Amino acid sequence: MNTSSLTKQLEQHIEWKRKANSQLTQYTGWLSKNQLSSPEIEDLISRAKQKLVEDAITLSFVGESSRGKTELINSLFFSHFGQKLFPSEIGRTTMCPTEVLSDKAITNAYIRLLPIETRKTERTIANYKASPDEWVTINLPGNNPAEMAKAFNEVSRNRQASYEEARQLGFSPGALEASEAMPGKVIIPAWRYAIISFDHPQLNHGLRIIDTPSLNSYGCEPELALDILNHSHAVVFVVSAEKNISIGDLAVWKFYLKQIQDDPSAQLLTVLNKTDLLWDDLEGERYAQLTIAQRQKSIAKKLGLAAEKILPVSAKHALLGKVRKNQRQIDRSNIDALEQVLSERVSQHQSKLAATPILLSTLTMMKNSRDSMQLRLEDLKAQHQLIGKSSGENKAIIEELNNQTKAEYQNYHKRLLTLKSNRRLLSRQAELLDTAANTPQFNRLSNKLKNTVNTQWTPGAGLAQGIADFFRALYLDLNNLKLEVSMANKMASSLYERYQPEHDELELPVPNIDLEFYTQQFRSLQTRSEGFNQQLTAQSPEAKVIITRLFNTLLNQINQTLKLLKQDTTHWANDVLQPLLQHTLEQKQLTEQQMVQLRNLTMDAQSILWRSEKISLFINDTAKQLELADGFLGKSNNGNGVEAESTLPADWPSTL
């Protein structure tokens, strides 16, 4: 049985990060050995490595209940356990939003469950995550799939509640199932949120899976719409082929997902699950495919999508086929098509990660360090050939080379001093950036708005106006920062234009501050908040508590984004000139070494043969340094400075 394309891509991404981290470690050692290290570059490399460690890929599965989301998760990621790991049967399915991950801080496998009663408070899920004692924790037998599956049934637990209690908890009682055992009561989930952590190769390296049960989850938990869905690398919207698209399906699409679909960088996939219900062995495969195609067109029309944008799958038969190692069943389930699309999303994420400013800067320095050594080797070979030509002119040639090298050394020395001076000058711009990116203005804004939440933020027009005012004030603050960021980027571009390396192959990209990225984050939050308000007007039990949680979620999300922005602006002054400084420092040291070598050649009237042998030693030493540099770039070298195939993670050089 072949490994799925998604599993392969996830494994490749894990290996890519491992190699990238290893290369950064090798580069650190190479800089230190060659006395080219500094606190600034060590800090930059450390943060680049931390970026790789913290990287996570979040895949969210959304849709109404009984659409087969959990079974789809089982078939995509956990079929190797040989059984259903997460509950996905009638009457026993996920009842609360569930987050599946590998907790690096805790080695033991566990389930953490947040009681549904916490919905009566204004605290967000993120706030509760900081208080583990508020959760019910169940330790898991991490090496026993059958026992783990048994424990996972806890996420499907429900309980009975009065209509009034259901309303207080944010549910619409009319949308809930009535209790047969206790007339006058309804059935509600026992838990508000679940976190499951266990040992799994892909989870251990940053894969995070979100399984959401129904519209009720989104309507009562602003974080699902504003945080989790917004930060997912792929959102899989699951509808069922069992029947045509329902009002609930359309509500999920309209209020939460259409905004993602309208985003140019959308990572939304729509899956038509349970296609096996349309199979008819008597009518044959052609009839089944025509029926599935008709269902695709019908659903696509209601969602405003092209029919080919809806992927038909049978999660049930995909899981059965994988467990039974039946390739024909797997092929018929069409799970491969979904896995291929998801694997492309992982690949896109890897490319974006490789192109982040901090990783791009470190790669640029690594590549230029290696290429500078290559140019140095070529210069030595040219000198070797020149000196060996004529015995009469030998000493004069060496003197001329020595004078040229001294001039180059002086040039790099002056450039290094100037760059260090420019870094100090940039500190003033850094102070202006720091002031503009500071959050006191935002804190004053949030405190002011808190007073209006309970009085003016009501479902409908009041909430819409409150959201609009909130973001309008935020964008006004960002305009001040925009001016300072524009000035900072212009200063950086000017310096890079002035001090760009002379060799075309050593061109350095300018590390600019990307304010547009953060502005897009805020716009996305605003759009999703507006969609949340539209849904809230249709379902308003205990709206005041939900609106307060919405406001708190907005504050938390904006604070997190501003914190990242603040980190970018804080590091800017030290980071922006680092590639130029590092290149100039390396060139200064190389020319200094060359001066010493040439001086040794002119000390005595040695023979041409002696000088030739001496330069050969210099060439060999440089070739060894080049070989080490090839190591941290993942290249191989034949010992004569001729490159062989690169093993550098493919996305890194492609970003240059």
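Further up the page is the structure itself.
This one's a predicted model, so the numbers in the text were calculated from it and none came from an experiment.

Engineer: Quick one: what's the story with the nonpolar core, residue by residue and with numbers?
Structural biologist: Side chains that are nonpolar tend, in soluble globular proteins, to be buried together. Of all hydrophobic cores here, the largest spans 71 residues; its most connected members are Phe-237, Leu-257, Phe-471, Leu-481, Ile-558, Trp-572 and Leu-577. With 13 residues, the single largest contributor to this core is helix α18 (residues 461-499). Core analysis: the second largest hydrophobic core is formed by 46 residues, Leu-72, Leu-203, Val-238 and Leu-311 among them.

Engineer: Could you give an account of the pattern of salt bridges, with specific residues and numbers?
Structural biologist: This structure, assessed with the given rule, holds 20 salt bridges. The salt bridge partner of Arg-167 is Glu-164, with a shortest N-O separation of 3.3 Å. Of this pair, Arg-167 and Glu-164 both sit in helix α6 (residues 163-168), separated by three residues, roughly a single helical turn. By relative accessible area, Arg-167 is classed as partly exposed at 34%.

Engineer: So what's going on with helix α3 (residues 69-77)? Which residues, and what values?
Structural biologist: Where burial is concerned, most of α3 is hidden: nine out of the nine residues are buried. Turning to α3, its buried residues number three or more, namely Lys-69, Thr-70, Glu-71, Leu-72, Ile-73, Asn-74, Ser-75, Leu-76 and Phe-77.

Engineer: Help me get a handle on the pairing of strand β11 (residues 234-240), residues and values and all.
Structural biologist: Taking burial as the measure, the seven residues of β11 include seven buried ones, the bulk of the element. Pairing analysis gives four bridges linking strand β1 (residues 57-62) to β11, with the strands arranged parallel. Looking at the pairing, Phe-61 lines up with Val-236 of β11. Where β11 and strand β12 (residues 268-273) come together, six bridges link them in parallel fashion. Opposite Val-236, over in β12, you have Leu-269 as the bridge partner.

Engineer: Report on the pairing of strand β9 (residues 191-197), specifying residues and quantitative values.
Structural biologist: For β9, the tally of buried residues reaches seven of seven residues, placing the bulk of the element in the interior. Taken together, the four bridges between strand β4 (residues 98-101) and β9 define a ladder with parallel strand orientation. Across the sheet, residue Thr-98 finds its bridge partner in β9, namely Ala-194. Note: strand β5 (residues 110-115) against β9, six bridges, orientation antiparallel. Following the sheet pairing, Ile-111 is matched in β9 by Ile-196.

Cut-off values and rules
Residues numbered from 1 in each chain as written. Predicted model: local features only at pLDDT ≥ 70, side-chain atom pairs only at ≥ 80, totals over all residues. Heavy atoms only, no water. Core = buried A, V, L, I, M, F, W, Y, C linked by side-chain atoms within 4.5 Å. Buried < 20%, exposed > 50% of the residue type's maximum accessible area, 1.4 Å probe, protein only. Helix = DSSP H or I, 4+ residues; strand = E, 2+ residues; numbered from the N terminus. Salt bridge = Lys/Arg side-chain N within 4 Å of Asp/Glu carboxyl O. Pairing = 2+ DSSP bridges.

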